[in-house]
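Coordinate analysis (summary)
Spelled out, the chains give:
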Amino acid sequence: MRILVTGFDPFDGESCNPSWDAVSQLSEQIAGAEIVTKCVPTEFRRATAEVSEAIDELAPDAVVLVGEAGGRADVTPERVAINLEDARIPDNAGAQPIDVPVADDGPAAYFSTLPVKAMVSAIRDAGLPASLSNSAGTFVCNDLMYGVLHYLAVTGRTAIRSGFVHVPFVPEQAARHEGTPSLPLDDIVCALSAAIEAVVTVQDDPQIALGTTH
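A brief look at the structure comes next. (Residues numbered from 1 in each chain as written. Predicted model: local features only at pLDDT ≥ 70, side-chain atom pairs only at ≥ 80, totals over all residues. Heavy atoms only, no water.)

A few points about the pattern of salt bridges
A complete count under the given rule lists eight salt bridges for this structure. With its nearest N and O atoms 2.7 Å apart, the salt bridge here joins Glu85 to Arg45. One end of the pair, Glu85, is in the loop between β6 (80–82) and β7 (109–111); the other, Arg45, is in the loop between β3 (33–40) and α2 (46–58), and 40 residues separate them in sequence. (Salt bridge = Lys/Arg side-chain N within 4 Å of Asp/Glu carboxyl O. Helix = DSSP H or I, 4+ residues; strand = E, 2+ residues; numbered from the N terminus.)

Some words on the sheet that holds strand β8 (residues 161–167)
Overall, mixed pairing links the six strands, which are arranged β2-β3-β1-β4-β8-β5 in an open sheet. With one partner strand each, in any of the chains shown, β2 (29–30) and β5 (76–77) form the two edges of the open sheet. Of the pairings in the sheet, the one linking β2 to β3 comprises two bridges and is antiparallel in character. The residue of β3 that forms the bridge with Ile30 is Ala33. (Pairing = 2+ DSSP bridges.)

Remarks on the side chain of Asp143
As for its position among the elements, Asp143 is in helix α4 (residues 140–154). No salt bridge is formed by the buried Asp143; the nearest opposite charge belongs to Arg45, separated by 4.3 Å. A distance of 3.1 Å separates a polar atom in the side chain of Asp143 from the backbone nitrogen of Arg45. With residues up to four places along the chain from it excluded, the contact list for Asp143 reads Phe44, Arg45, Thr48, Glu85 and Val102. (Buried < 20%, exposed > 50% of the residue type's maximum accessible area, 1.4 Å probe, protein only. Lys, Arg positive; Asp, Glu negative; His and termini not counted. Polar contact = N/O pair within 3.5 Å; in protein donor to acceptor, adjacent residues only side chain to side chain. Contact = heavy atoms within 4.5 Å.)

Quick look at α4
In a regular helix each residue adds 1.5 Å, so 15 residues correspond to 21 Å; α4 covers 20 Å between its end C-alpha atoms and thus fits that length. Of all 15 residues in α4, 13 are buried, a share of seventy percent or more. Directly beyond the C-terminal end of α4, a positive phi value near 70° is found at Gly156. (Expected span 1.5 Å × (residues − 1).)

Observations regarding the packing of helix α3 (residues 116–125) against helix α6 (residues 185–201)
Close contact between α3 and α6 brings their axes to 8 Å; oriented N to C, the two are set at 135°. In terms of orientation, α3 lies oblique with respect to α6. Seen from above, α3 lies across α6 with right-handed handedness. For the pair α3 and α6, contact is made by Ala118, Met119, Ala122 and Ile123 and by Ala191, Ala194, Ala195, Ala198 and Val199, respectively. (Axes fitted to C-alpha atoms, helices over the stretch in contact; angles between N-to-C directions. Parallel < 35°, antiparallel > 145°, perpendicular 65-115°, else oblique. Left-handed = near helix turned anticlockwise from the far one by under 90°.)

Digging into the layout of surface pockets
If you add up the space inside the largest pocket, you get close to 440 Å³. A per-element tally of the lining of the largest pocket places α4 first, with three residues. Among the residues forming the lining of the largest pocket, the class breakdown is nine nonpolar, seven polar and six charged. (1 Å grid on protein atoms, 1.4 Å probe; cavity = no way out; pocket = protein on both sides within 12 Å on 5 of 7 lines; lining within 4 Å. Points joined across faces, edges and corners; volume = space filled by probe spheres on them. Nonpolar A, V, L, I, M, F, W, Y, C, P; charged D, E, K, R; others polar.)

Focus on the environment of Ala87
Secondary-structure assignment places Ala87 in the loop between β6 and β7. Through-space distance from the C-alpha of Ala87 to that of Val5 is 24 Å; in sequence the pair is 82 residues apart. If we ignore the near neighbours within four places in the chain, the residues touching Ala87 are Phe44, Gln96, Pro97, Ile98, Thr138 and Phe139.

Quick word on the environment of Phe111
Relative to the assigned elements, Phe111 resides in strand β7. Given a relative accessible area of 56%, Phe111 falls into the exposed group. Dropping the residues within four chain positions of it, Phe111 is found in contact with Arg79, Val80 and Leu149.

Considering the environment of Leu4
Within the element layout of this structure, Leu4 appears in strand β1 (residues 2–8). Spatially, the C-alpha atom of Leu4 lies 8.6 Å from that of Glu34, the residues being 30 residues apart in sequence. When neighbours within four sequence positions are excluded, Leu4 is seen to be in contact with Val36, Lys38, Val51, Ala54, Ile55, Leu58, Pro60, Ala62, Val63 and Val64.

See the structure below:
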C-alpha cells in the first residue's frame, strides 16, 4: 500500500508551516504502508495541479492532504470541502479569488473518502487532541481538498481515498499571535502518524458520535 501525504509551504508572513514540517518528518513506512511525501505551494489551483501530477506518477492507494489552521487547538480531519474560493488574504502568488467556484462543472461539495472518525479516534488514543471538522474554510486548503477529490472523480479513480487534515500552529508561531493555541511539532507528527495508521487499517468508518451542536 502506498500513501501520498502532502503539506504546504509557509504563507501569510509565517516563517514555517507545521503541515510540511510535520509531514517531512513522517516515517517512510506506517503500519506497513509506504509513505511518500510532497510539499506543495500555497497557491490556488497550482497546489491541486501538482498533487494531481503526483497521483498520476505514483498511483497511490490514498492521499492525505495536510494544512495549517492557525487558531485551532487540535488536529482536525476534515469531513467536507465546498466548491468555493473566497480568500481573506492573497495566496503566495498574489491571487485572491472572491466568490469563485473551484470547478465550474463540479458539485457543491465533496465528502472526504478517508475514515475521518477513525482518524480522530486514533489521534485521541495516542493521547493527543483531535476533533472532526465540518469546514475546511475557503482558502487554499479547501481548494486543494475539493480539487483533488474532483480530479479523482472526473478521472474515474474514486478507489483512491483522499481527504484533508488541519494542524494547529507550533509554539514558535503562537508566540507571535497572543492567545493562539499550539501543539509541539513532535506531537503533530505523532498525531499524523496515528491518523495515517487508521487510513491503512480501517476501511469502513465507525458510526460514532462526533458531530457538533453549532
